[in-house]
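Letter by letter, the chains look like this.
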Amino acid sequence: MDYNFNEIEPKWQQYWRENKTYSASNESDKPHFYVLDMFPYPSGAGLHVGHPLGYIASDIFARYKRQQGFNVLHPMGYDAYGLPAEQYAIQTGQHPAITTEKNIARYREQLDKIGFCFDWDREVRTCDPQYYKWTQWTFIQLFNSYYCTRCQKAKPISNLVDHFAKNGSEGIQVACSEELIFSAEEWNAMSEEEKSKTLMNYRLAYLADIPVNWCPQLGTVLANDEVVNGLSVRGGYPVERKLMRQWSLRITAYAQRLVDGLEQVDWTDSLKEIQRNWIGRSEGAAVWFPLAVDQKQNILPGAMAQMGQCEPVAEPSFEIFTTRPDTIFGVTFMVLCPEHEMIASITTPEHKEEVEAYVTWAKNRSERERQAEVKKVSGVFTGAYAVNPLTNEQIPIWVSEYVLAGYGTGAIMAVPAHDSRDFAFAKHFNLPIRQVVVPAGSNPDELTDPATWTESIDSKAGICVNSGFITGMKVKDGIKAIIGKLDEMGIGHKTVNFRLRDAIFSRQRYWGEPFPIYYKNGIATTLPEECLPLMLPEVKEYKPTATGEPPLGNAEKWAWDEANRCVVETSKIDNKTIFPLELSTMPGFAGSSGYYFRYMDPRNDKEYFAPDVVNYWQNVDLYVGGAEHGTGHLMYARFWCKFLFDLGLAPKEEPFQKLINQGMIQGRSNFVYRSKEDNNLFLSKNIEGREEKTVPIHVDINIVDNDILDIEKFRQWRPEFAEARFELEDGKYVCGWEIEKMSKSMFNVQNPDDLVARYGADTLRLYEMFLGPIEQAKPWDTNGIEGVFRFIRKLWRLFHNEQNVFNVSDEPATKQELKVLHTAIKKVTADIENFSFNTSVSAFMMCVNDLGSLKCNKREVLEPLTIILAPFAPHIAEELYHLLGNEGSVTLAQFPACNESYLVEDAFNYPVSFNGKMRFQIELPLGISQEDAIKAVMEHESTQHYLGGKEPKKVIFVPKRIVNIVM
RNA sequence: GCGGAUAUGGCGUAAUGGUAGCCGCGCCAGACUUAGGAUCUGGUUCCUCACGGAGUGGGAGUUCGAGUCUCCCUAUCCGCACCA
């Protein structure tokens, strides 16, 4: 064999390992560049060809930057906590750490074969105590912080405690779960337990009874991004709404900064938009609607005091949020969510039974039922009335599921004429509809009766009508005017609402980071920082306990001895000096939210990362990973980073400057067609009548090559096919194919190892890049890899004679050869900068084709070629570079710059391409006319030579110095 | 429903507003071969024997010139979804 990748690739991988070629230094005069991949969860199935796609792209970029003289940090690690290892543990009793270790070893083996330039000395694993120590540490910092909305920054909770002691809640501007009002005296009179409970209202990591996504099958709660259509992302089990005491992160405090930060980063618009949608910022007004005066006698005692909190209006009132304050004159009723705390107190006796029944029904509905019946209108009248503060009209108060408890205030003013949901509700219950806006362009004097409408007019483009002092204004101006008026009256103000919810941070699982929290007389207390890490304990069983507690409830040794500062047996809990530890663990996103910092200084035992190190690396320059993390990981990681920024630890507010989403690789399944009559007979795809006579069956893609079935392998594949007979076409069995998800059950998983074994890592790398634009989702199709393999061998032959003896000439290169080389340098450089790796591979192929037809074996051309190829196909580049007699690694050699002067030919030197046409590229003076240019070209002796006296069919002048002559 | 993206040969794709289809797969023909799933050469958008004509999802527009820019429509994919 001429080109022997089996020998070359392991050799250079070993060379890189032994020479620590890719180890990054934390002290360097070179400019820094940080290239990061989203670290993988090591699943039992191993890597498939989709995983390396992003890794290859980032590897190319990292190598390129290194060749440009940057000190490149390009680390890799494992997101090692996760559900599959735990479920495997429940079934088999094998410790998840063992499963994880085994899977990691397998991943590493697969990754190593592809020749990545990772600095493995910096590897991190989220399940490693030396790593999760800092996850726990960050949790403690979150616990000990609150968010000041005045300075838009996290601050120590002790500041708030001091303030409470002096001034009570007076004058604070903070992010909180609910507005609490208390005086300094009241604060100072509180018990420790009450103080603790009050502070939970402000902490950035807090414990609260909140409605959570509870998944009974998984036995755990899930974050919003872990639930899709009422089903868990992992496993697809139903999820229900349940009130539980849980840890949460107050990510909502950062909502505005999370929106603003998107302006500073270089991400795709679509991903930024996904994040904006998820945060869901909307501007509008908060308005207080008082309860009608003659209703007050109906109110239960005690409710008055509660409603008194709805300052600043003295009367009991409801706070609503609207984005359309201009439509306030069109309000005809009000709707509360079924969870609204004032329902019981305002409902009149005659409606009590009905309302209670409705509320109970609504609360017991699962998320999936709710979402499936979004269009179905339901609701109930409370018997109570509120007053529209601008018109003094009384409006009925209803309760309905379509108002959500978690958004705004859980109460809305309903404007059926201009909101489709209110419209549907009004239609269903026969409530009045009043038009207050006419669409732009229609006549305000000719109004139709809203009762005859089939839909509401939701558009903001319009003019206000029937709206008191704002009549005649544009909607936009109306909104401003109403907000001004509400402000003046003291019954409302401009406000901003976010769709984003706080992140639920507890999981009732074993395989995760333990919380550094114990419960001292019921008060959640953090472990001293110097006692971290709090190690995950051993348990007998990985299931929840018999009493329904999380798996850590099974641990024999899971209590905190405060005096001796150590973990002791659970049986010793006395609630004097020995206390129970938290039983939940942290969710998957905990460990992945700050791992990019830890890579900078992974073995630091004293700090998360040293200040001088983080000040050198700053943040991630390039982050490559899947778009499926758009609302989960990327949101949490940005929050985490902003928090560390507030603490003064992170130098930049945004963790990931540029982000590339590699597209998903889908599977390409192959089918054989089995006869309906004869189970042992298989018809080739294109046989007439095959469709009616057969049923398709998935067949392992590894026994199919270019859609041609290997019949012998098929017979051996499964016992039931041993006797298989075939109806062939042209002597071959042609399989059908379809694009499906890559999955074991469809036998369409393509494993990178198999391809490396057959074609080598360089071919795999080039081919994965050649498939198409990196960001695009595409099906895996091994047909075509041969083309790239051919290219590699052609390249090899440029350096070798027919006897496979190394043969390179020191003669100076011709202009034409240099042109070919520098065209490639120019194209490849520009393509790498644009992450357009598929076109750079094309450029290499064209370059080698051209050099092949020129029979060029000149060192002057070949040496730079190996250097620019090194990021893409490092092994063969390394080998050829050394055959040329060079020392050191080609992957560190200076990336050559394009010398443009080679690209401009002497006029008419030779035709650039023959394709039935001749193309001449010439230098023309600026502003030359078309006629003159054609004349000059036609008269040139070189043109005459090529024409050989014949008349061309057509002569076309194209600006950019090109004249085409069609023969 | 809202938002985002995409649409080019048999297939993957390529074209700073300037020859549409580079590069590769597949296919066709040829060369060298005992052989080829090796290698090399040529061809390959469609219609047409040819001359020639048509052509970047459909329709308008801007421009000397549009795959590319603008507007409308259609289809597909992705995200969010009773968020007031």
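Read on for a plain summary of the structure. As the structure is a prediction and not an experimental result, all values here were calculated from the model. (Residues numbered from 1 in each chain as written. Chains lettered and ligands numbered in written order. Predicted model: local features only at pLDDT ≥ 70, side-chain atom pairs only at ≥ 80, totals over all residues. Heavy atoms only, no water.)

Before going further, it helps to examine unusual backbone geometry. Here the amide bond leading from Leu-532 into Pro-533 is cis, since omega sits at 0°, within 30 degrees of zero. Tracing the chain through its elements places Pro-533 in the loop between strand E21 (523–526) and strand E22 (559–561). With a phi angle near 60°, Asn-575 is a residue other than glycine that sits in the positive phi range. In this structure, Asn-575 sits in the loop between strand E23 (566–568) and strand E24 (578–580). A relative accessible area of 40% places Asn-575 in the partly exposed class. With phi around 65°, Gln-618 is a residue other than glycine that occupies positive phi space. Looking at the secondary structure, you find Gln-618 in the loop between helix H19 (611–617) and strand E25 (620–625). (Helix = DSSP H or I, 4+ residues; strand = E, 2+ residues; numbered from the N terminus. Buried < 20%, exposed > 50% of the residue type's maximum accessible area, 1.4 Å probe, protein only.)

Ranked by internal contacts, the top residues of the largest apolar core, which has 188 residues, are Trp-247, Phe-505, Tyr-596, Leu-865 and Phe-872. No other element matches helix H20 (residues 633–646), which puts nine residues into this core. Once residues lying within four places of it in the same chain are set aside, the contact partners of Phe-505 are Phe-139, Trp-247, Ser-248, Leu-249, Phe-515, Thr-585, Met-586, Pro-587, Phe-589, Ala-590 and Trp-640. Within the second largest apolar cluster, 37 residues are counted, among which are Phe-329, Val-355, Ala-411 and Cys-464. (Core = buried A, V, L, I, M, F, W, Y, C linked by side-chain atoms within 4.5 Å. Contact = heavy atoms within 4.5 Å.)

Turning our attention to the packing of helix H27 (residues 837–853) against helix H28 (residues 859–869). The interhelical angle for the contact between H27 and H28, taken along N-to-C directions, is 165°, at an axis separation of 12 Å. Relative to H28, the element H27 is oriented roughly antiparallel. The handedness of the crossing between H27 and H28 is left-handed. Here Phe-844, Cys-847, Val-848 and Leu-851 of H27 come into contact with H28, specifically with Val-861, Leu-862, Leu-865, Ile-868 and Leu-869. Among the residues forming the contact of H27 with H28, the class breakdown is nine nonpolar, no polar and no charged. (Axes fitted to C-alpha atoms, helices over the stretch in contact; angles between N-to-C directions. Parallel < 35°, antiparallel > 145°, perpendicular 65-115°, else oblique. Left-handed = near helix turned anticlockwise from the far one by under 90°. Nonpolar A, V, L, I, M, F, W, Y, C, P; charged D, E, K, R; others polar.)

With that settled, the discussion passes to the sheet that holds strand E15 (residues 411–414). What the four strands build is an open sheet, ordered E13-E14-E12-E15; its pairing is mixed. The strands lining the two open edges of the sheet, one partner per strand, are strand E13 (380–387) and E15. Looking at each pair of strands side by side, their axes are set apart by 30° on average, direction ignored. One ladder, built from five bridges, connects E13 with strand E14 (residues 394–399); its direction is antiparallel. Looking across to E14, one finds that Ala-386 is bridged to Ile-395. Contacting E13 and E14, helix H13 (residues 349–363) runs over the sheet at an angle of about 110° to E13. (Pairing = 2+ DSSP bridges.)

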